[in-house]
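Structure assessment
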Amino acid sequence: MREAGQAMVEQAGADEELLEAPARGSADELLDAGAHDALDAMRHSAAHVMAEAVLDLFPGAKLGIGPAIADGFYYDFDLPRPLTPDDLESIEARMRESIAAGHPFVRKEIPLDEARAVAEGQGQTYKVEILDDLARRAAEAGEPPPVTSFYEHGPFSDLCKGPHVASTGKIGPLKLLSVAGAYWRGDEKRPMLQRIYGTVWETDADLERYLWRRAEAKKRDHRRLGVQLDLFSFHDVSPGSAFWHPKGQTIWRTLESAMRELQLRRGYQEVSTPIVVSERLWRQSGHWDLYRDNMFLVESEGQTFSLKPMNCPESTFIYRSRLRSYRDLPLRFNEYGRLHRNERSGTLSGLTRVRQFIQDDAHIYVRPDQLADEIVALLGEVREAYGWFGLKPRFSFATKPDKAIGDPALWERAERLTIEAFAAADISYELKPKDGTFYAPKIDIYIDDALGREWQMATIQIDLTMLPERFDLTYIDEHGTEQRPIAIHRAIYGSLERFIGILVEHFAGAFPLWMAPVQAVIIPIADRHLEAARELAAVMRVRGLRVEVDASDGRMQNKIRLAQEQKVPYMMVLGDREIEARTASPRTRAGEQQPADGWEDLAARLAAESSARRPD
RNA sequence: GCCGACAUAGCUCAGCGGUAGAGCAGCUGUUUCGUAAACAGCAGGUCCUCGGUUCAAAUCCGAGUGUCGGCUCCA
């Protein structure tokens, strides 16, 4: 990865559109600049031009940092007053002037102490801090203070590694997007700066496409569609917790029963454990020290309880409720446990960041010799379940971090068996060295949604120590001696709330037939067709289909439009012709008219289509 | 939690010191209609909450609550 990055930077440096990157300096430093290609150089250059504009409009503004980021750039400023949307317009206008002027970017090298004196003279305290850090890092590495580089364009100069485009005129079409608060260096104990986000592209068409993508994402926003489709709502009496409406709950139950069906087939046994649990349990599990701030506490009769933030410790009580034989393993306990985590108020966001949620959680207890087979099976479960939604999971494998508990030999074995399991299941994965949890190596599962956004979804953790040792789990092996099982924590949907939120956006609310809250709407043309419409609905409901009859006195065209807006997969218009022949001709939400079919046959066909759980 | 913005009818939003508005949804009536919006009428609001300024506050100021954009992509 390092090598690839370096090669890219060198390639970029060779591009004549780019100002040459510094010859000296490690690949790491170059990577830190985030300037990987021409577009990044352009974005980083735009950040400089924005800083120029801000300094011009707000003399005395202090500069933080201004890197290129995915899709654009930002720059952090310490300003005398909060910025308004009008300010963004005038800053953008000033940037256009600088771009029109076509100032060349000029690289200057200045000894560090000299640069520091200049920055201090200008009152640029954040730049001084950066320079001091550079000096300190060099000193720690036993190197002399490095020579620093500045990039100048027109009246503006900024400490910067580069590379940049040749001149401000080479900066493509841009737009400033938003202002947000950002702590200096991401540290909440440091001053809060104002961050301006912007986007730059090589062509107008690219910019348009990006803005369209943003607008599209906004239209698909699950918080918006959740209201439109009547799925769920949020209320200030319980911030961060969804109120599920009937249709949302139907989706919920449908996903849950699909997973239950899979779990039944795979030999899981469902359990349920208390939500209010004594602090004593959390002390034993270690959560009390590490996680207490995120737990809701409840006092009763002088004892402290908490709403459980995770299920895992409690499942061990069921494991230990009797003596376990090696013949009992694997034991697969799944639980749809309701969890509460007291997330900081500012981080809450729709269904994707909540305080209360339910996981399709499971804890699987295996003998070491069963681990590899179990992981292969779990990877298969993930693939199967994600196939219901047409999602293609990508896998990563995170290994033992530096601060880890437990026997190194067990770690080594678990990691080796996991890698073998990937091979056996013929699944490729990205290795993330030292990125596991302190108690377990873990497999994380990612998907890209319909808009190309990446989401971290399921997780599989191979727990060698936390549950087995802290809760003293044992089984009796074939020689009559006590052994420690391995515990696997796994969630495939993860939080159902979050998963449904992602699905709403992925499908833009047009759910596949099998999970649509209303699968078909029957539309009688006139009142005299209502009775037959109800009959057809009954025929379909017998097959387990979720069907509604639009009995309102609106016109058929309007009923179609409403069903269309609700993204109902099938509409059946019933008039004299259909009723005479006891047929119906489904109209799909894509506008396709399917051939007429007898009621029974149609119901059977749609029911079969639904139970196939196809993603389209 | 912190910074900024926002909070008006069920929904989307206008009004921004002088008696609360529109479209959609709802209700009532007329219409009974062939594949994406029939017509008319009616009803609907402690303008988020509390406090302040003012002859007068949805509008200005302060506090609180909630929501939204962000807060480790480090020259």
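This text goes with the structure placed above it.
The structure contained in this document is the topic of the report that follows. (Residues numbered from 1 in each chain as written. Chains lettered and ligands numbered in written order. Predicted model: local features only at pLDDT ≥ 70, side-chain atom pairs only at ≥ 80, totals over all residues. Heavy atoms only, no water.)

Here the focus is the protein's contact with RNA strand B. Taken together, 53 residues surround RNA strand B, and among them L159, Y183, S345, R561 and E578 come closest. The sugar and phosphate moieties of RNA strand B supply 49% of its atoms located within 4 Å of the protein. For RNA strand B, a base nitrogen lies 2.6 Å from a polar atom in the side chain of R561. Tallying contributions element by element places helix α18 (residues 556–565) first for the surface near RNA strand B, with 6 residues. Classifying every residue of the surface near RNA strand B gives 21 nonpolar, 16 polar and 16 charged. (Near = heavy atom within 4 Å. Polar contact = N/O pair within 3.5 Å; in protein donor to acceptor, adjacent residues only side chain to side chain. Helix = DSSP H or I, 4+ residues; strand = E, 2+ residues; numbered from the N terminus. Nonpolar A, V, L, I, M, F, W, Y, C, P; charged D, E, K, R; others polar.)

This paragraph deals with the pairing of strand β25 (residues 520–524). In terms of burial, β25 is largely enclosed, as 5 of its 5 residues are buried. Alternating positions in β25 separate into two faces, A520, I522 and P524 on one and V521 and I523 on the other, with burial throughout. Inspection of the sheet shows β25 paired to strand β26 (residues 547–549) by 3 bridges, in the parallel sense. Residue pairing in the sheet places I522 in a bridge with V549 of β26. Handedness of the crossover is the feature at issue here: the chain leaves β25, passes through helix α17 (residues 530–542), returns alongside β26, and the resulting connection is right-handed. Where β25 and strand β27 (residues 570–574) come together, 5 bridges link them in parallel fashion. By the bridge assignment for β27, A520 is matched with Y570. (Buried < 20%, exposed > 50% of the residue type's maximum accessible area, 1.4 Å probe, protein only. Pairing = 2+ DSSP bridges. Right-handed = clockwise from strand over helix to strand, strands pointing away.)

Inspection of the sheet shows strand β13 (residues 297–300) paired to strand β14 (residues 303–307) by 4 bridges, in the antiparallel sense. The residue bridging V298 from the neighbouring strand is F305, located in β14. In this structure, the hairpin formed by β13 and β14 is closed by a connection of 2 residues, where E301 is found at a positive phi of approximately 50°.

Here we take up the packing of α17 against helix α20 (residues 599–611). Closest axis-to-axis distance for the α17/α20 pair is 9 Å, and the angle between their directions is 45°. Taken together, the axes of α17 and α20 lie oblique to each other. Judged by the sense of rotation from one axis to the other, the crossing of α17 with α20 is right-handed. Taking contact as the criterion, the partners of A532, E535, L536, V539 and M540 in α17 are, on α20, W599, E600, A603 and L606. (Axes fitted to C-alpha atoms, helices over the stretch in contact; angles between N-to-C directions. Parallel < 35°, antiparallel > 145°, perpendicular 65-115°, else oblique. Left-handed = near helix turned anticlockwise from the far one by under 90°. Contact = heavy atoms within 4.5 Å.)

Counting 62 residues, the largest nonpolar core has L255, Y386 and F389 as the members making the most contacts within it. Considering each element in turn, this core owes the most residues, 8 residues, to helix α13 (residues 371–387). If near-sequence neighbours (up to four positions away) are discounted, Y386 is found in contact with L391, P393, I445, I447, M457, A458, I492 and F499. In terms of nonpolar packing, the next biggest core, distinct from the first, is built from 33 residues, L39, M50, F73 and L79 among them. (Core = buried A, V, L, I, M, F, W, Y, C linked by side-chain atoms within 4.5 Å.)

Right, let's get into the sheet that holds β13. Across the sheet, 3 strands lie side by side as β12-β14-β13; this open sheet has antiparallel pairing. Of all the strands in the sheet, just β12 (276–278) and β13 have a single pairing partner and so form its edges. The sheet shows a mean angle of 40° between the axes of neighbouring strands, taken without regard to direction. Sheet analysis places β12 next to β14, joined by 3 bridges and oriented antiparallel. In the sheet register, V277 faces β14, and the bridge partner there is S306.

Under the 1.5 Å per step criterion, the end-to-end length of helix α7 (residues 204–220) is 24 Å for 17 residues, consistent within 8% with the ideal 24 Å. Listing the buried residues of α7 in full gives L207, Y210, E216, A217 and R220. Turning to α7, the residues buried within the fold contact β7 (174–183), β8 (192–200), α8 (222–228) and α16 (496–506). (Expected span 1.5 Å × (residues − 1).)

Turning our attention to helix α9 (residues 246–265). In this model α9 runs 28 Å from its N-terminal to its C-terminal C-alpha over 20 residues, within 8% of the 28 Å that 1.5 Å per residue would give. Buried within α9 we find G248, I251, W252, T254, L255, E256, A258, M259, L262 and Q263. Where α9 is buried, its residues meet β10 (242–244), β15 (331–335), β17 (356–366), α13, β24 (486–495) and α16.

Going through the model one piece at a time under the given rule, you end up with 51 salt bridges. For R416, the salt bridge is made with E412, and the minimal N-O distance between the two is 3.6 Å. A residue pair is termed a helical-turn pair when its members lie 3 or 4 positions apart in one helix, as R416 and E412 do in helix α14 (residues 408–424) at 4 residues. According to the relative accessible area criterion, R416 is partly exposed, its value standing at 38%. One connected set of salt bridges, linked through shared partners, spans E129, D133, R136, E140, R185 and R190. (Salt bridge = Lys/Arg side-chain N within 4 Å of Asp/Glu carboxyl O.)

So yeah, pure geometry; function would need other evidence.
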